[in-house]
Amino acid sequence: MTQYDADEVPQPDPAPGTGEAAWGAPADAPEPAPAGPAPITPADAADAARLVSFGLQPKLLPARDAEYGDLLRRYREEPAFARLADAVASGLGLVVLEVSTRAGMAVTAAEDSVFAVRMGDYARRASADSADRFLHGLAHLAVAAMAFPRPEDLADDGYIGRITVNGVDAFVRQACRRLEERAEEDGENTDPVSDAPGLESAWRVYARRSATGATKDARRLAGSTTGIIAKAVTFLVDSGFLQRTGDDAGGTYRTTARYQLQVRDMAGTAAMAELLELGVVPVSDGSASLLPGEETEDLDLVAEAGLPFHSG
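All residue numbers here refer to positions counted from 1 along the written sequence of the relevant chain. Confidence filtering applies because this is a predicted model: local features only for residues at pLDDT of at least 70, side-chain atom pairs given and counted only at 80 or more, and all residues used for totals across whole chains, interfaces and linings. By convention in this description, side-chain values take in all heavy atoms of the structure and omit both hydrogens and water.

## Details of the overall build of the protein chain
Put simply, DSSP marks the helices as runs of H or I at least four residues long and the strands as runs of E at least two long, and each gets a number from the N terminus on. The helix and strand inventory of the protein chain stands at eleven helices and seven strands. Think of it in three bands: residues with accessible area under 20% of the maximum for their type are buried, residues over 50% are exposed, and the middle band is partly exposed, with areas taken using a 1.4 Å probe on protein chains only. Looking at the 312 residues of the protein chain, the share that counts as buried comes to 42%. Pairs at least 24 residues apart make up 61% of the contacts formed inside the protein chain by residues separated by at least 6 positions. When the accessible area of the protein chain is evaluated, it comes to approximately 16900 Å², of which 53% is carbon and sulfur surface. Any two residues whose heavy atoms approach within 4.5 Å are treated as being in contact. Computed with a 1.4 Å probe, the accessible areas rest on the Shrake-Rupley method; for each residue, only the protein chains presented here act as cover.

## Looking at the pattern of salt bridges
By convention in these notes, a salt bridge is any Lys or Arg side-chain nitrogen within 4 Å of a carboxyl oxygen on Asp or Glu. Tallying each qualifying case throughout the model produces 13 salt bridges. Of the charged contacts, one joins Asp47 and Arg74 as a salt bridge, the two residues approaching to 2.9 Å between their closest N and O atoms. Here Arg74 lies in helix 2 (residues 66-77) and Asp47 lies in helix 1 (residues 42-55), a separation of 27 residues in the sequence. Residue Asp47 is classed as partly exposed on the basis of its relative accessible area of 27%. Glu78 is the salt-bridge partner of Arg74, the closest N and O atoms lying 3.0 Å from each other. A single salt-bridge network, built from bridges that share partners, covers Asp44, Asp47, Arg74 and Glu78.

## Observations concerning the packing of aromatic side chains
Ring pairs are drawn from Phe, Tyr and Trp, using the six-membered ring of Trp, whenever the two centres fall within 6.5 Å, and their geometry is named by plane angle: stacked under 30 degrees, edge-to-face over 60, tilted for the rest. For the structure shown, the criterion picks out four aromatic pairs. Seen in terms of ring centroids, Phe54 and Tyr68 are 4.7 Å apart; in terms of plane orientation they differ by 20°. Their pairing is stacked. Highlighted residues: Phe54 in helix 1 and Tyr68 in helix 2, separated in sequence by 14 residues. When sorted by exposure, Phe54 lands in the same class as Tyr68, which is buried. Look at Phe241 and Tyr259: their rings are 5.6 Å apart centre to centre, the planes differ by 40°, and that puts the pair in the tilted class. Taken together, the residues Phe241 in the loop between helix 9 (225-238) and strand 4 (242-246) and Tyr259 in helix 10 (residues 257-266) connect sequence positions 18 residues apart. On the basis of relative accessibility, which here comes to 0%, the residue Tyr259 falls in the buried class. Among the aromatic residues, ring-to-ring pairing joins Phe148, Tyr159, Phe241 and Tyr259 into one connected group. The side chain of Arg74 reaches across the aromatic face of Phe81, ending 4.2 Å from its centre. Placement of a positive charge over a ring is assigned whenever Lys NZ or Arg CZ falls within 6 Å of the ring centre and within 35 degrees of the normal to the ring plane.

So this is what it looks like as structure tokens:
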């Protein structure tokens with residue numbers, strides 16, 4: 001019997017016609033191709049558009065609509081579907097702020113979108129008077145500032161702001177007094193200015209407007225400052241930004257997750273910064289208190305600026 005060293009043991013020949021060792025894998029078999037993503041179908045596009053349409057219904061909550069909830073889960077679990085839904089929103093001129101169970105698919109309109117609601121358009125529908133239109137913008141600005149007075153309030157997803165109509169009016173009137181005092185200290189002319197933009201001119205208009213101007217049957221006049229604020233908060237309720245919680249103090253309201261996202265998106269405006277830096281500090285029960293504050297440099301304010309609207 002022939003003896004072999006350990007490293008000289010002969011190897012078997014490949015099986016005839018197979019090109020592979022008798023007990024091994026194919027010598028040159030190609031690697032299996034990795035499975036690619038499933039192709040996008042028309043049904044996927046329809047579902048993505050459907051999700052965006054849910055996002056355009058601000059009062060609709062995912063917890064109350066099974067289809068909405070299913071599409072949200074798909075958005076969060078399927079990256080390709082999420083990208084498709086984002087593309088649909090972008091094509092419609094919408095910006096996706098958040099997709100979550102708390103806010104649903106929260107979208108806001110870009111400035112050039114057909115879905116954009118401009119402050120000027122809203123105010124013109126509310127009043128034909130140019131001074132009233134400016135006051136409507138100021139009312140929206142004040143509601144946002146009272147609802148989320150601190151940066152940490154906007155950053156906290158669990159924070160709920162609370163406002164009242166009378167509290168917003170008190171807040172703006174105290175801001176007006178602060179601005180009047182600053183104007184007097186600076187020796188500025190306090191005569192009314194009809195078309196100058198900014199809070200420095202707005203306080204003159206607001207301070208001289210009646211707070212209620214009730215009619216003989218005790219109804220609030222639409223042109224009074226509380227009437228203007230009531231119109232603003234009603235619009236915000238209809239838009240899914242606020243929820244009415246009671247009738248005290250002219251009407252009490254709480255914020256929604258969607259409103260927090262809208263204000264967070266617009267919080268860098270000079271108008272809101274100027275209002276908050278006056279030292280008029282809103283508190284959580286919807287009232288307002290005036291605290292001493294350091295003098296700050298004036299900030300430019302775009303005429304008709306208001307949240308959550310685009311100026312123009």
